[in-house]
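Observations on the model geometry
Residue strings, one per chain:
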Amino acid sequence: MAKERYMDAAVIVVGAGPAGMMLAGELRLAGVDVVVLERLEKRTGESRGLGFTARTMEVFDQRGILPRFGEVETSNQGHFGGLPIDFGVLEGALQAAKTVPQSVTETHLEQWAASLGADIRRGHEVLSLRDDGDGVTVEVRGPQGEHTLRAAYLVGCDGGRSMVRKAAGFDFPGTPATMEMYLADIKGIELAPRMIGETLPGGMVMVGPLPGGITRIIVCERGTPPQRRESPPPFDEVADAWKRLTGEDISHAEPVWVSAFGDATRQVTEYRRGRVILAGDSAHIHLPAGGQGMNTSIQDAVNLGWKLGAVVNATASPDLLDTYHSERHAVGKRLLMNTQAQGLLFLSGPEVQPLRDVLRELITYEDVARHLAAMVSGLEITYDVGTGSHPLLGKRMPHLELTGPGRTTSSTELLHPARGVLLDLADNPRLRARAAAWSDRIDIVTATPRAGCAPGELQGTTALLIRPDGYVAWAAPGSHHDLPMAIERWFGKPPAA
């Protein structure tokens, strides 16, 4: 207790991007004090990412965040390496949001986290950190000068150039950038749409409309060496490259913002070192392809938040944090693999055209389209939760309309508080009694699926244990582990009698 008295917060999160804000909200739902330190004094308003995938739509829905975005434009149309895919082959999945700028997503997540009580401090730059085994101390430069803060855990959500990753000594192997690409949002000009992956003799270009009369362009000249930039490139560089590739003069357009990025691909070897943890771009960088970066980062935070909350609250042992690495490192590795593959398809020259043609043929087969769509949307993710035959083990719980005593609800609504859920679908008092000792951290709900609403993989299911991140940890019939064993694995030992 003496050590706890001088903690400024249970958790310090460095970085107020999508991952940091999502994590802060998740920790607050777990009742954990969290301070978010952000170097920038205000949001930039820039939006590398646009929209979110079907899996992120589900994540926002399960926390009740989705209505904050109002009416969003959704679509089943996607691509893999510039080759069109109809994501409608993924039965039962939500459609992806297509035109929500990352700046809007960041705004809504920050407002949500703040409404839950997160302490968000802008204009606070972390200069150094020290993990002494009992906690982490950081030196911070803020509006009132330099000072130190201390927390039980520190999470770096501070992006691809993460100071936290470097200061804590994480290994970050991979491949450096081999080329440079430009991204610009411009207005005052009309350009014909060009799909991602449109290859030209000298490179690749893309044109897409955004709300508010803004047009987004991406341009990549093959053979352009990467540069170490400390500031965005001037728009005339972008306009010159665009003219060389397309013959069109866009120099008279008004740039809203301009950015440059490369195809570097790296991933840390471990997502946690002692009391320092990484999430989002701090842990993995890659070529932007299909908007996967921001979405994977948000899902990193959702996987970590409830686990870190349980460890801080002493309802679970620190070993639970090992599953954050084992589950999300594997997801990050798949992310790097598929973005590298897509880069080869839409950034290479005519020598890759035969491969594009073959893959275009393969995508016409529904099984291939479903596989690729699930890969880039995050819907393929399956975690190791133990052996068993139930088709939902380790997968995310699908939306299920439910009728219970005196109310109607859904599996999605039950996850709003970010607690575990034992869903008793057969009104089994013995089952509920076996889980009652954990009622301080899981909700035990008796309900039945509304007529005609249960998807095929739930036919014959009598009970499900759902983790706070929405993944099924146990199911009956079909799990080879006993229910109390499964609950203890994910939610710790029951409180002493």
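This report concerns the structure included in the present document. Just so it is clear, the model here is predicted, and its values are computed rather than measured.

Reading the values: rules and limits
- Residues numbered from 1 in each chain as written.
- Predicted model: local features only at pLDDT ≥ 70, side-chain atom pairs only at ≥ 80, totals over all residues.
- Heavy atoms only, no water.
- Pairing = 2+ DSSP bridges.
- Helix = DSSP H or I, 4+ residues; strand = E, 2+ residues; numbered from the N terminus.
- Contact = heavy atoms within 4.5 Å.
- Axes fitted to C-alpha atoms, helices over the stretch in contact; angles between N-to-C directions.
- Phe/Tyr/Trp six-rings, centres within 6.5 Å; stacked < 30°, edge-to-face > 60°.
- Buried < 20%, exposed > 50% of the residue type's maximum accessible area, 1.4 Å probe, protein only.
- Right-handed = clockwise from strand over helix to strand, strands pointing away.
- Core = buried A, V, L, I, M, F, W, Y, C linked by side-chain atoms within 4.5 Å.

**Observations regarding the sheet that holds strand 7 (residues 96-101)**
One open sheet accounts for 3 strands, arranged 3-7-4; its pairing is antiparallel. The open sheet has two edge strands with one neighbour each: strand 3 (50-52) and strand 4 (74-75). Bridge count between strand 3 and strand 7: 2 bridges; the pairing is antiparallel. Directly across from phenylalanine 52, in strand 7, lies its bridge partner alanine 97. Across the sheet, helix 2 (residues 54-62) touches strand 3, strand 4 and strand 7, and the angle it forms with strand 3 is around 65°.

**Thoughts on the packing of aromatic side chains**
Under the counting rule described, the total for this entry stands at 7 aromatic pairs. A centroid spacing of 5.2 Å and a plane angle of 65° characterise the contact between phenylalanine 52 and phenylalanine 69, whose relative ring orientation is edge-to-face. With a gap of 17 residues between them, phenylalanine 52 in strand 3 and phenylalanine 69 in the loop between helix 2 and strand 4 connect regions that are remote in the sequence. Assessed through its relative accessible area of 10%, phenylalanine 69 is described here as buried.

**Topic: the pairing of strand 2 (residues 34-38)**
With 5 of 5 residues buried, strand 2 lies mostly within the body of the structure. Every second residue of strand 2 is oriented toward a common face, with Val34, Val36 and Glu38 on one face and Val35 and Leu37 on the other, all of them buried. Pairing of strand 1 (residues 9-14) with strand 2, which is carried by 4 bridges, proceeds in the parallel orientation. By the bridge assignment for strand 2, valine 11 is matched with valine 34. In this fold, the crossover linking strand 1 to strand 2 by way of helix 1 (residues 18-29) has right-handed handedness. Judged from the 4 bridges that link them, strand 2 and strand 8 (residues 119-122) form a sheet pairing that is parallel. Bridge pairing in strand 8 links valine 36 to isoleucine 120.

**Some remarks on the nonpolar core**
Membership of the largest hydrophobic core comes to 106 residues, with the highest contact counts inside it found for Met22, Phe60, Val138 and Leu423. Counting residues per element, this core draws most heavily on helix 6 (residues 292-312), which supplies 9 residues. Setting aside its immediate chain neighbours within four residues, methionine 22 contacts Val59, Phe60, Arg63, Ile65, Leu109, Trp112, Ile298, Ala301 and Val302. Judged by nonpolar contacts, the second largest core, of 20 residues, contains Ile186, Ala241, Ile250 and Val258.

**Overview of the sheet that holds strand 18 (residues 265-267)**
In a beta sheet, neighbouring strands are held together by backbone hydrogen bonds and run either parallel or antiparallel to one another. Read across the sheet, 3 strands follow the order 12-18-21 without closing on themselves; strand pairing throughout is antiparallel. At either end of the open sheet lies a strand with only one pairing partner, and these are strand 12 (174-175) and strand 21 (284-285). Pairing analysis gives 2 bridges linking strand 18 to strand 21, with the strands arranged antiparallel. When the sheet's bridge partners are listed, arginine 266 is paired in strand 21 with isoleucine 285. Taken strand by strand, helix 7 (residues 320-347) contacts strand 12, strand 18 and strand 21, and its axis lies near 175° from that of strand 18.

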